[in-house]
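Summary of the model geometry
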Amino acid sequence: AEPKAEPKAEPKPASLVAQAPRFVVGDTWQYVRTAIEGADRKVTEFRTTLAGVSERELTTVTGYRMTPSLASLNQTQNNRQHRLFRPHGPSVQFPLAVGKVWSEEYEFVAADGESRVISRIKAKARVLRRETVTVPAGSFDTLVIQHTIDIEPTKGGRETATRTVWYAPEARAFVRNQYEKRDAKSGAVLEAFNIEVKSYSVAR
């Protein structure tokens, strides 16, 4: 008898184009966040579950809000809004493909009591490459997007930041997010963290 031919692996398309994801109330992502502050590393976990979905805005059960382009509209603390992005934070402009570029400007605003601008921000984004990445939730086919961010705090000085995200169409989310902010003059790291998806459940 002739030996059976090994089944051929399905070839991946040469390119990956990510369309805007379709979100449903109840979609949930569990994340692990590792903060790096000098020699101190703090590891925390948090869950994002969608409580509301519209064409303009996604709302989670904890009051965090974002646009369908995965841009933050606010920051929450103890389930209360305490910072705003106006009109929104750095976004992902679908459809995504390697080489796509865009830029945007926004403000970071204190929302506790009197609304006041904390900083004015300019960001440039580029889809750098397609990459298979492994995180606690598994391995994903992703597009890597990098935001180069210039920050002007209203208190003076200047800061720069780099935000790199790995977007996985399968998970409809960033499965990895790396962020580093520095003082533009001294080069000192002011904030740095890494976030990875530990598990997720999205409607099929």
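Residues numbered from 1 in each chain as written. Predicted model: local features only at pLDDT ≥ 70, side-chain atom pairs only at ≥ 80, totals over all residues. Heavy atoms only, no water.

1. Overview of the overall build of the protein chain
The criterion, for reference: Secondary structure elements follow DSSP: runs of H or I no shorter than four residues count as helices, runs of E no shorter than two count as strands, and numbering proceeds from the N terminus. Relative accessibility decides the category of a residue: with a 1.4 Å probe and only protein chains considered, values under 20% of the type maximum give buried, values over 50% give exposed, and everything between is partly exposed. The contact criterion used is simple: two residues touch if any of their non-hydrogen atoms lie within 4.5 Å. Under the convention used here, a 1.4 Å probe and the Shrake-Rupley method define accessible areas, while residue burial counts only the protein chains that appear. For this count, His and the chain ends are skipped, Lys and Arg are scored as positive, and Asp and Glu as negative. By convention, the point assigned to a charge is CZ for Arg, NZ for Lys, CD for Glu and CG for Asp.
Secondary structure summary: the protein chain contains 0 helices and 12 strands in total. Of the regular secondary structure in the protein chain, the N- to C-terminal order runs β-β-β-β-β-β-β-β-β-β-β-β. Burial analysis of the protein chain (204 residues in total) assigns 39% to the buried set. Intrachain contacts of the protein chain at a sequence separation of at least 6 include 44% that bridge at least 24 residues. By element, 49% of the accessible surface of the protein chain is carried by carbon and sulfur atoms, the whole surface being about 12000 Å². For the protein chain, the separation between the mean place of its 31 positive charges and that of its 24 negative charges on side chains is 1 Å.

2. Looking at the nonpolar core
Convention followed: Buried Ala, Val, Leu, Ile, Met, Phe, Trp, Tyr and Cys residues that are joined via side-chain atoms within 4.5 Å together make up what is termed a nonpolar core.
Among the nonpolar cores identified, the biggest contains 42 residues, and Trp29, Leu70, Leu96, Ile145, Ile149, Tyr167 and Val175 are the most heavily contacted of them. At the level of secondary structure, the elements contributing two or more residues to this core comprise strand S1 (28-37), strand S7 (101-110), strand S8 (116-135), strand S9 (138-153), strand S10 (159-168), strand S11 (173-183) and strand S12 (189-201).

3. A closer look at the pairing of S10
Put simply, the test is: The pairing criterion is simple: DSSP has to find at least two bridges between the two strands.
For S10, a buried count of 8 out of 10 residues is recorded, marking the element as mostly surrounded by other parts of the structure. Both S9 and S10 contribute to a ladder of 9 bridges, which runs antiparallel. When the sheet's bridge partners are listed, Thr148 is paired in S10 with Thr162. Where S9 folds back on S10, the antiparallel hairpin that results is connected by 5 residues, among which Gly156 adopts a positive phi of roughly 110°. Examined bridge by bridge, S10 and S11 share 10 bridges and lie antiparallel to one another. Its bridge partner being in S11, Thr164 is matched across the sheet by Gln178.

4. Description of the pairing of strand S5 (residues 74-77)
Where S5 meets strand S6 (residues 80-86), 4 bridges bridge the pair, whose relative direction is antiparallel. In the sheet register, Gln77 faces S6, and the bridge partner there is Arg80. From the end of S5 to the start of S6, which pair antiparallel, there are 2 residues, and Asn78 there has a positive phi angle of about 55°.

5. Side note on the packing of aromatic side chains
How we decide: Between the rings of Phe, Tyr and Trp (Trp by its six-membered ring), a pair exists once the centres lie within 6.5 Å; its type follows the angle of the planes, with under 30 degrees stacked, over 60 edge-to-face, and the other angles tilted. In this analysis the charged atom, NZ for Lys or CZ for Arg, is taken to sit over a ring once it is within 6 Å of the ring centre and within 35 degrees of the ring normal.
What the rule picks out here adds up to 8 aromatic pairs. Relative to Phe174, the ring of Tyr167 has its centre 6.4 Å away and its plane inclined at 80°; by these criteria the two rings are edge-to-face. Considering the side-chain rings of Tyr179 and Phe193, the 5.2 Å spacing of their centres and the 20° angle between planes classify their relative orientation as stacked. In this pair, Tyr179 sits in strand S11 while Phe193 sits in strand S12, placing the two residues 14 residues apart along the sequence. Across this residue pair, the class does not change: Tyr179 and Phe193 are buried. One residue, Arg176, lies across the ring of Trp166, its end atom 5.2 Å from the ring centre.

6. Some words on the side chain of Ser91
With respect to the element layout, Ser91 can be found in the loop between S6 and S7. When sequence neighbours within four positions are dropped, the list of residues in contact with Ser91 reads Ser69, Ala71, Trp102, Glu104 and His147.

7. Overview of unusual backbone geometry
Peptide bonds are mostly trans, and most non-glycine residues show a negative phi. In this model, Arg86 is joined to Pro87 through a cis peptide bond whose omega is 0°. Checked against the element boundaries, Pro87 lands in the loop between S6 and S7. The residue after Phe94, namely Pro95, is reached through a cis peptide bond having omega -5°. With respect to the helices and strands, the residue Pro95 is situated in the loop between S6 and S7. With phi around 65°, Leu70 is a residue other than glycine that occupies positive phi space. Structurally, Leu70 is set in the loop between strand S4 (65-66) and S5. You can call Leu70 buried: its relative accessible area is 9%. Here Arg172, not a glycine, exhibits a phi torsion of approximately 55°, which is positive. Here Arg172 is to be found in the loop between S10 and S11.

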